[in-house]
Amino acid sequence: MKSKSTIEVCNCLACLKSFYPSNIRSLLEREPLLCNECLKALSLEKQKTIIEGVEVTTLYKYDGILKEWLLNYKERLDFELAPVFLYVYAPLLKITCKKRTVILVPSSDEKIKERGFNHLEEIIKAYDLPYLNILKKENEIIQKEQSGLNRLQKMKITVTDKSKLDPNKSYLLFDDVITTKTTFLCSLDALKKAGVKRVKGLVLMDNQNVRERKLL
Amino acid sequence: MEKFICPKCGNSNPRFIGHKKGLPYCRACISFTGKEANPSFSVNRQAKLELSYDLSLEQQKISTGVLNAFKAQKNILIHAVTGAGKTELVYKTMEYCLNQGLHVGFSTPRKDVVIDLLPRIQSAFKNAKVSAVYGGKTTILNADIIILTTHQLYRYNRYFDLLILDEIDAFPYSESEILHSFFKKSVRGNYILMSATATEKDMKEIEEDNGVVFSLYIRYHRNPLPVPQITIFNRYGLFFTCLKKLQKHLKMQRKVFVFVPTIAIGKILYSYLSIFIDKGAFVSAKEEKRRVEIEHFKNGELDYLVTTSILERGVTIRNLQVIVFFADHEIYDASTLVQIAGRVGRKSDCPKGDVDFLITEENDEVNKAVDEIKKYNRSL
């Protein structure tokens, strides 16, 4: 038990249990946020897909515990969960973001008001990554009711502050889940119109393949 | 800063309190949000209790006692041994409440117990509307009698005039303060607690909270509880012992539960046993097919089940034998072992059976469980 006395008790952010991090973990991580069980339950799967000529990295499989956390975070407004989503990938992202700036996919103003916070902004903020919140969604259509094609025409995304965009810099467009990829594509369009050349995508989970499989 | 206390679950532990833009909020009960029951639901007063069997003398006595205590607006703790017929003891009180138009709920920590209770209570109250509410089935929230897991109690704020809580010492209710506070909050009238392994602390608490205790140490068929046999062997020998015992039971056409402490041990044991004996299955909380396997076992298609503690409570199967593999594992305490031993001999047409505890070394909890069972048998 002597070795344990030097290690402080940590509380898991997701399951709220207290735990003792192992020696290696306490050496590597400044403050361990997740307990071993929660880390194990995450279905990590880093995948690269190409959407409309843009390389998009997906970080997790669309199942398991992360879906539940996202529900708690976005719908039940568990604000403190924000650092959980990028916890595993934070060191990697810190390196990536030395060259790239994150741009957030917009949510509608009503949603942000309803929640009281911009959920994507808080996720990025938790790790001090450089980000720009310059996209704005205009005509909000209820996402689930509209079919893909209709929405493409109706959704309008604009860049509010073009002076912040530098065409020679690289950017990383960030969204939590892509389902029909409409918002994502419209955001890409808006960025390209504003003159951005080098852009990549970063998504927590990809729901579109799952949907297609279900339809089949 | 002023101390924040959650208005919903009463939590004030700073570990479970988060801050959203400077404002505190409770994280402990955040997943307990959803549709709530309609508080002005009116109960069908015509409900009548119809039992196809008679209660024993002791059962009748306590059942009347419970009803009188409820009428006197007291809280009640029923401490009755496994297989004593606890559920039947509260039927009379439930009938009284329904006839008065009061809200009746029957709660238990385990989902499997809720599923098993539904047909039993429906057949006792044929003309009442009985509904089960548990994770995954929460569409009908209002009914004459609601059977629910303790996790769903948050939907019923100050709703129940009579709330029965079975298996008070079962996980997760026993360790969760949130569930305790939801239980307290959903009671408008009085409550009845039931347990086969109530401790002195439980009894003291209920007596302080305007309550009375009823005890029943005899099974309804007046046969003694089966006393466990202990077999001590080394780790690897136990696998062989387990196989031999299982084969002996199956030769005599008996059904067997083999309890294992963890999922990992269960998988190893089942893969070993299934080489020699087919018609078995392994069930645990993580297996998706568990309800199907349990149904198959009840129908007689399977002969034995290797199971984790999910089947330790509320299961009644005719002519069942029990083997507890590694009964000295640290997850088993005396009350769990008493519960497991209580699965045996519950039907009056085969009141006897074998309980085997397979252990690697002498263990206090195992001895305590055996002593407790012997103590109950002495009062016969």
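Now for a look at the structure at hand. Values in this document were obtained by computation on a predicted structure and should not be read as measured data. (Residues numbered from 1 in each chain as written. Chains lettered and ligands numbered in written order. Predicted model: local features only at pLDDT ≥ 70, side-chain atom pairs only at ≥ 80, totals over all residues. Heavy atoms only, no water.)

### Regarding the pattern of salt bridges
Under the criterion given, the structure shown has 21 salt bridges over all chains. Between Lys48(A) and Glu55(A) there is a salt bridge, with its nearest N and O atoms 3.6 Å apart. Assessed through its relative accessible area of 26%, Glu55(A) is described here as partly exposed. For Arg222(B), the salt bridge goes to Glu58(B), with nearest N and O atoms at 2.5 Å. Highlighted residues: Arg222(B) in the loop between strand 9 (211-216) and strand 10 (229-232) and Glu58(B) in helix 1 (residues 57-71), separated in sequence by 164 residues. (Salt bridge = Lys/Arg side-chain N within 4 Å of Asp/Glu carboxyl O. Buried < 20%, exposed > 50% of the residue type's maximum accessible area, 1.4 Å probe, protein only. Helix = DSSP H or I, 4+ residues; strand = E, 2+ residues; numbered from the N terminus.)

### Structural notes on the sheet that holds strand 4 (residues 54-60) of chain A
All names here are of chain A. Spatial ordering of the open sheet is given by 3-4-10-9-5-6, a layout of six strands whose pairing is mixed. The two strands at the open ends of the sheet, each matched to only one other strand, are strand 3 (44-51) and strand 6 (131-132). Two strands pair when backbone bridges link them, and strand 9 (residues 170-178) and strand 10 (residues 198-206) are joined in this way by eight bridges, in the parallel orientation. Paired with Ile178 across the bridge in strand 10 is Asp206. On the sheet, helix 4 (residues 65-74) packs against strand 4, strand 9 and strand 10 and is oriented at approximately 100° with respect to strand 10. Those strands touched by helix 9 (residues 182-193) are strand 3, strand 4, strand 5 (100-104), strand 9 and strand 10, and its axis lies near 165° from that of strand 9. (Pairing = 2+ DSSP bridges. Contact = heavy atoms within 4.5 Å. Axes fitted to C-alpha atoms, helices over the stretch in contact; angles between N-to-C directions.)

### Details of the interface of chain A and chain B
Interfaces are often described in size by the accessible area the parts lose on coming together. Contacts between the two partners involve 15 residues from chain A, matched on the other side by twelve residues from chain B. Summing both partners gives a buried area of about 1,200 Å² for chain A against chain B, and 47% of it is carried by carbon and sulfur. The three residues of chain A that bury the most area against chain B are Leu16(A), Arg76(A) and Glu80(A), which together make up 46% of that side's buried surface. For the pair chain A and chain B, the interface holds one salt bridge. A salt bridge links Asp78(A) to Arg27(B); the shortest N-O distance between them is 2.9 Å. Between the two partners, chain A and chain B, sit nine residue pairs in polar contact (both at pLDDT 80 or more). Tallied by class, residues from the side of chain A that touches chain B come to six nonpolar, four polar and five charged. (Buried area = accessible area lost by both parts, 1.4 Å probe. Polar contact = N/O pair within 3.5 Å; in protein donor to acceptor, adjacent residues only side chain to side chain. Nonpolar A, V, L, I, M, F, W, Y, C, P; charged D, E, K, R; others polar.)

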